[in-house]
Amino acid sequence: MVNLFLPNSNELKILFTGTVGAGKTTAISAISEKVTLSTDVPMSEGATESKSQTTVGFDYGECELADGFSLHLYGTPGQERFRFMWDILAKGAFGLIVLADHSRPDPVGDVIGYLKAFAGHFPARRTVVGVGRLNERPSIGIEHYCERLAQAGFNVPVLETDVRKAEDVRLLLSILVSMAEVEIE
Amino acid sequence: MNKTNQTLTEVQRKDLTAYCTVLLNDFCAKTAGVQSATIATFDGVTVASTIIGKTEGDKISAMSSSISALAAALTNEVKHPEPDRVLLESEHGRIIFIKVPAASVGMVFTAVTNHNAVLGTLLWNCRSTSERLAAYASKFLG
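Residues numbered from 1 in each chain as written. Chains lettered and ligands numbered in written order. Predicted model: local features only at pLDDT ≥ 70, side-chain atom pairs only at ≥ 80, totals over all residues. Heavy atoms only, no water.

Caption draft 1: Structural detail: the overall build of chain B. Secondary structure assignment for chain B yields 3 helices and 5 strands. The order of helices and strands in chain B, counted from the N terminus, is α-β-β-α-β-β-β-α. Its C-alpha radius of gyration of 14 Å places chain B within 12% of the 14 Å reference for a compact globule of 142 residues. When the backbone C-alpha atoms are referred to their principal axes, chain B occupies close to 40 × 40 × 25 Å. In chain B, buried positions account for 45% of the 142 residues. Partitioning the intrachain contacts of chain B with sequence separation of at least 6 by distance along the chain shows that 55% fall at a separation of at least 24. About 7100 Å² of surface is accessible on chain B, with carbon and sulfur atoms providing 57% of the total. Looking at chain B, you have 13 positive and 12 negative side-chain charges, and the mean spots of the two groups are 4 Å apart. (Helix = DSSP H or I, 4+ residues; strand = E, 2+ residues; numbered from the N terminus. Rg over C-alpha atoms; globule rule 2.2 N^0.38 Å. Buried < 20%, exposed > 50% of the residue type's maximum accessible area, 1.4 Å probe, protein only. Contact = heavy atoms within 4.5 Å. Areas by Shrake-Rupley, 256 points an atom, 1.4 Å probe, with all protein chains shown as cover. Lys, Arg positive; Asp, Glu negative; His and termini not counted. Charge placed at Lys NZ, Arg CZ, Asp CG, Glu CD.)

Listed below in structure tokens is the structure:
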């Protein structure tokens, strides 16, 4: 299998993952400059007023950063039963963005689960964590994520992120790309 | 794939699973070469399967859901209507995915066959099975 994304290329494939409802589809849609591809279908269980569809294939979008990097953005399905898609989508990807839904019972545990699942594809230096809905449980902050992730062996950048805002998603991507620039240099 | 999602009660769910099990057994009995048959929701949850292991059946359900959604995304991209079925062929046989038509409860019917299956008979029986399922499922949610 040939990886068409050359190490010194300014085109990078970036993968978004996280639990159902963490905002992968929304993030890709918010930042993409062209119409995105989505494979959302109605949820057969666990649907809410604000979340009635779920991704079963992948999301796809594209964007460009100010420093000339062209990014191909892929979003995974969140559920464990679609793990086979995670491995397919991770092939040839440069970096990983894990989105956390802070309103869930153990969002840090969720993040650790995804980091472990993708550890074979991405080193920690090519991973960024974005935490959404932080205001729903303000007593637990970003530092808590950093501490627990470090304890689990993952020293990765963690940022508060509103996936509906393009500038927030752009910041996550910029951090990943700055890691690429360091590697290329 | 953009159906309105409605939730089944536990009783309806069991009823539908029981009916699907009967349908699948009937399909396997009258279709040569079938190795397994599975019915899953659009989002990849197993409704019924002839596959013995739950994990193996659930994997087929999730993959069926992904393949069907990706096929629909591809046809949408080229301005074609969503496909009613997807057919994969390999040295060992065929895998067919059928979208269950007109069902309020969106489902995908998947049949895995070896070379003993005759394509015409297979397609005919798959369509017949999915239509029976659609008719039955419509009694729950119209």
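Caption draft 2: Spatial organisation of the interface of chain B and chain A. Taken together, the contact between chain B and chain A spans 17 residues of the former and 20 residues of the latter. In total, about 1500 Å² of surface goes out of reach between chain B and chain A, with carbon and sulfur atoms giving 61% of it. Linking chain B to chain A there are 1 salt bridge. For A:R81, the salt bridge goes to B:D43, with nearest N and O atoms at 3.8 Å. Put simply, chain B and chain A have 4 residue pairs in polar contact (both at pLDDT 80 or more) between them. When residues in the side of chain B that touches chain A are grouped by element, the largest group, 7 residues, is from helix α2 (residues 54-77) of chain B. Grouping the amino acids of the side of chain B that touches chain A by side-chain chemistry returns 8 nonpolar, 6 polar and 3 charged. (Buried area = accessible area lost by both parts, 1.4 Å probe. Salt bridge = Lys/Arg side-chain N within 4 Å of Asp/Glu carboxyl O. Polar contact = N/O pair within 3.5 Å; in protein donor to acceptor, adjacent residues only side chain to side chain. Nonpolar A, V, L, I, M, F, W, Y, C, P; charged D, E, K, R; others polar.)

Caption draft 3: Main features of the packing of aromatic side chains. Residues and elements named next belong to chain A. All told, the structure shown has 8 aromatic pairs over all chains when counted by the stated rule. Taken together, a centroid distance of 5.6 Å and an interplanar angle of 25 degrees make the contact between W86 and F118 stacked. Taken together, the residues W86 in helix α2 (residues 83-90) and F118 in helix α3 (residues 107-118) connect sequence positions 32 residues apart. Relative accessible area serves as the criterion here: at 1%, F118 is assigned to the buried category. (Phe/Tyr/Trp six-rings, centres within 6.5 Å; stacked < 30°, edge-to-face > 60°.)

Caption draft 4: Quick peek at the pairing of strand β4 (residues 93-99) of chain B. Residues and elements named next belong to chain B. Burial analysis of β4 places 5 of its 7 residues in the buried class, the great majority of the element. In this structure, strand β3 (residues 85-90) lies alongside β4, joined through 6 bridges in antiparallel fashion. When the sheet's bridge partners are listed, L88 is paired in β4 with I95. Here β3 folds back onto β4, and the loop between the two strands holds 2 residues. The pairing of β4 with strand β5 (residues 107-113) spans 6 bridges and is antiparallel. Residue pairing for β5: R94 is matched across the bridge by T113. (Pairing = 2+ DSSP bridges.)

Caption draft 5: Summary view of the packing of α3(A) against helix α4 (residues 142-151) of chain A. All names here are of chain A. Relative orientation of the contacting elements α3 and α4 amounts to 45 degrees, with a least axis distance of 10 Å. As the angle between them shows, α3 and α4 are arranged oblique. Here α3 and α4 pass one another in a crossing that is right-handed. On the side of α3, the interface is formed by P107, V108, G109, V111, I112 and L115, while α4 contributes H144, Y145, R148 and L149. Residue classes in the contact of α3 with α4 are distributed as 7 nonpolar, 2 polar and 1 charged. (Axes fitted to C-alpha atoms, helices over the stretch in contact; angles between N-to-C directions. Parallel < 35°, antiparallel > 145°, perpendicular 65-115°, else oblique. Left-handed = near helix turned anticlockwise from the far one by under 90°.)

Caption draft 6: Region of the structure containing unusual backbone geometry. Residue A:R133 is not a glycine yet carries a positive backbone phi of 60 degrees. With respect to the secondary-structure elements, A:R133 resides in the loop between β7 (127-132) and α4.

Caption draft 7: Focus on the confidence of the model for chain B. Residue and element names in this part refer to chain B. Mean pLDDT for chain B: 89, with 91% of residues reaching 70 or above. When mean pLDDT is taken per element in chain B, β5 scores highest with 97 and helix α3 (residues 119-141) scores lowest with 90. In the model, residues 1-5 has pLDDT below 50 throughout and makes 20 contacts with residues more than four positions away in sequence or in other chains. What the predictor reports for the complex is a pTM of 0.85 with an ipTM of 0.78. (pLDDT = per-residue confidence, 0-100.)

Caption draft 8: Highlighting the nonpolar core. Grouped together as the largest cluster of nonpolar side chains are 29 residues, with contacts concentrated most on A:L15, A:V111, A:F118, A:V129, A:V131, A:Y145 and A:L149. Take this core: its biggest share by element is 7 residues, from α3(A). (Core = buried A, V, L, I, M, F, W, Y, C linked by side-chain atoms within 4.5 Å.)

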